[in-house]
Amino acid sequence: MRMAKNNKRIQDGFRDAGAIPLVINTFANHPSNTDVLNVACWAVTSLTRNLNRKNQDCFRDGIHFVVASMSKYPNDAELQFAGCAALATLANANSDNQNIIRECGGIPVVLDAFRNHSHYYPRNALMALARLACENEVNKEIICKCGAIPLISKAMEEHPTDPAVQGYGCVAIKILSAGDSDIGFVDLGAVELILAAMRQHPTNRTVQWYGHDALGALLSTTKRREVMKRFRESGGVEVVRQALDNHDFPRQKNVTDLLEQ
């Protein structure tokens, strides 16, 4: 099914041919085979990527199988990686699936995967957390209370050369920091981590865009003065100017205002 992951026509063709119930039944029929569960998780991901809403909805009855598989085999790094990817694609801009994942206990499962396998490409856990929290205040609160903030900061610090980790780390900072309350990112060096990511990946538009947006979110919190201070002391003006010169993406006024001060 890997051929389906970036092609909606193929995704829809698999759905119309009855693939989704087969994948769900695979979880149900092989609960003790981690190799099969791993492949089933990747099948979910391939069939729901790129906001295929109909496929996301069709997989709704199988969400608890993904969470249960991850919960049953917490030490299997490959299954945790695949499961996080599946939950991330299922939750993407889909509030019903976000809520079901939460109700199934999926948030602590993702955080446990993140915590226990941070060495094993944490990009999928970051992606899952960001998508579970996006425009979902209940999920956002649970994610923050369950200790996600230091995990996100640590992942960005430990994987500086991985653009996916840096990009999704910036997305997570942006989404979780939305609003005016400080949730701990600034004291854990988020400003410096964002600027380091933008320096490390100057040609990566995604990192530049999401880094810029994450800075904008931090500037909107009660830590604004501290963010401004850290931004200037860490050479943020030069980094952001270079990003704006080299890439086309929407500007955050509270960020661009710093360039004029």
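All figures in this text were calculated on a predicted structure; none of them were measured in a lab.

(A) Layout of the overall build of the chain. Within the chain, the regular secondary structure consists of 17 helices and zero strands. Against the 2.2 N^0.38 benchmark of 18 Å for 261 residues, the chain shows a C-alpha radius of gyration of 19 Å, consistent with a compact globule. Along the first, second and third principal axes, the C-alpha set of the chain runs to 60 × 35 × 30 Å. Looking at the chain as a whole, 51% of its 261 residues are labelled buried. Long-range pairs, those at least 24 residues apart, make up 73% of the contacts in the chain with a sequence separation of at least 6. When the accessible surface of the chain is summed, it comes to about 11900 Å², and 50% of that surface belongs to carbon and sulfur atoms. A gap of 3 Å separates the mean positions of the 29 positive and 28 negative side-chain charges of the chain.

(B) Seen up close, the packing of helix H13 (residues 190–200) against helix H16 (residues 236–246). One can describe the packing of H13 onto H16 by two numbers: an axis separation of 10 Å at closest approach and a directional angle of 45°. Considering the angle they form, H13 stands oblique to H16. Here H13 runs over H16; the crossing is left-handed. Residue-level contacts link Leu195, Met198 and Arg199 of H13 to Gly236, Val239 and Ala243 of H16. A per-class count over the contact of H13 with H16 returns four nonpolar, one polar and one charged.

(C) Representation of the nonpolar core in the model. Counting 77 residues, the largest nonpolar core has Ile152, Ile173, Leu215 and Leu218 as the members making the most contacts within it. Not counting residues within four places of it along the chain, the set of residues in contact with Ile152 comprises Phe114, Leu126, Gly169, Ala172, Ile173, Leu176 and Phe185.

Rules behind the numbers
- Residues numbered from 1 in each chain as written.
- Predicted model: local features only at pLDDT ≥ 70, side-chain atom pairs only at ≥ 80, totals over all residues.
- Heavy atoms only, no water.
- Helix = DSSP H or I, 4+ residues; strand = E, 2+ residues; numbered from the N terminus.
- Rg over C-alpha atoms; globule rule 2.2 N^0.38 Å.
- Buried < 20%, exposed > 50% of the residue type's maximum accessible area, 1.4 Å probe, protein only.
- Contact = heavy atoms within 4.5 Å.
- Areas by Shrake-Rupley, 256 points an atom, 1.4 Å probe, with all protein chains shown as cover.
- Lys, Arg positive; Asp, Glu negative; His and termini not counted.
- Charge placed at Lys NZ, Arg CZ, Asp CG, Glu CD.
- Axes fitted to C-alpha atoms, helices over the stretch in contact; angles between N-to-C directions.
- Parallel < 35°, antiparallel > 145°, perpendicular 65-115°, else oblique.
- Left-handed = near helix turned anticlockwise from the far one by under 90°.
- Nonpolar A, V, L, I, M, F, W, Y, C, P; charged D, E, K, R; others polar.
- Core = buried A, V, L, I, M, F, W, Y, C linked by side-chain atoms within 4.5 Å.

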